[in-house]
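Now for the letters of each chain:
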Amino acid sequence: MEIGCGWGLTGIYCAKKFNAIVTGVDIDSEVFPYLRLHADINKVHIATLHQKFNNLKETDLQEIDFVIGADICFWDKMVYPLKRFIHRALRASVQEVIIADPGRPTFEKIGDYFVKKRKGEILDRIVRRPRKFQGRLLTIKFSVCA
Ligand SMILES: C[S@@+](CC[C@H](N)C(=O)[O-])C[C@H]1O[C@@H](n2cnc3c(N)ncnc32)[C@H](O)[C@@H]1O
């Protein structure tokens, strides 16, 4: 499941590269035509769910193996709902949650919290093509915190 999927490129990559069965969740339904267009170009199918991730319940997450989210924690008001959502995902036995961000203070707040509370890890990553870009990944595994 990709939360705050936007045009869905991360989930599309997972579907194409790892044969993952992906659901893209977004609060804004207007992103989905673009997601579908990109999915078609890449010859993969992505299911879509027009929903706030805040509203997803533990029962909605029980069949999900991985939750990913890229660039979804850019305002202070997003910190608390995302924290609560990650806790619900781990309670539902999601194997791993990975949140990617350029490294904003809001992301660092969530990162610090899960590193302390749930043995999360923060990883730095650099891509060099098509141009150099540096980002951070927060990863929290179910097995560590169960
Ligand atoms: C900056 S965009 C990132 C999109 C995509 N993940 C990417 O990396 O290109 C943030 C996305 O999160 C969505 N979003 C924001 N708050 C959300 C929420 N509470 N639940 C679901 N989606 C949300 C927005 O509609 C938007 O599509």
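About the criteria used
- Residues numbered from 1 in each chain as written.
- Predicted model: local features only at pLDDT ≥ 70, side-chain atom pairs only at ≥ 80, totals over all residues.
- Domains from an automatic or database assignment.
- Nonpolar A, V, L, I, M, F, W, Y, C, P; charged D, E, K, R; others polar.
- Near = placed C-beta within 6 Å.
- Pairing = 2+ DSSP bridges.
- Helix = DSSP H or I, 4+ residues; strand = E, 2+ residues; numbered from the N terminus.
- Right-handed = clockwise from strand over helix to strand, strands pointing away.

A. Region of interest: the domain arrangement of the protein chain. By domain assignment, the protein chain separates into domain 1 (1-51) and domain 2 (61-146). Its residues assigned to classes, the side of domain 1 that touches domain 2 shows 2 nonpolar, 2 polar and 1 charged.

B. Structural view of the site of the ligand. The ligand sits among 17 residues. The nearest are Gly4, Gly6, Ile27, Asp28 and Ala70. Of the residues belonging to the shell around the ligand, the class tally is 10 nonpolar, 3 polar and 4 charged. Looking at the shell around the ligand, you find at least three residues from each of domain 1 (1-51) and domain 2 (61-146).

C. A look at the pairing of strand E5 (residues 96-101). Taken together, the 5 bridges between strand E4 (residues 66-70) and E5 define a ladder with parallel strand orientation. Pairing of Val67 across the sheet is with Val97, part of E5. Where the polypeptide runs from E4 across helix H3 (residues 79-91) and back to E5, its parallel neighbour, the crossover connection is right-handed. Two elements, E5 and strand E7 (residues 133-141), share 6 bridges in a ladder whose sense is antiparallel. Residue pairing in the sheet places Ala100 in a bridge with Leu137 of E7.

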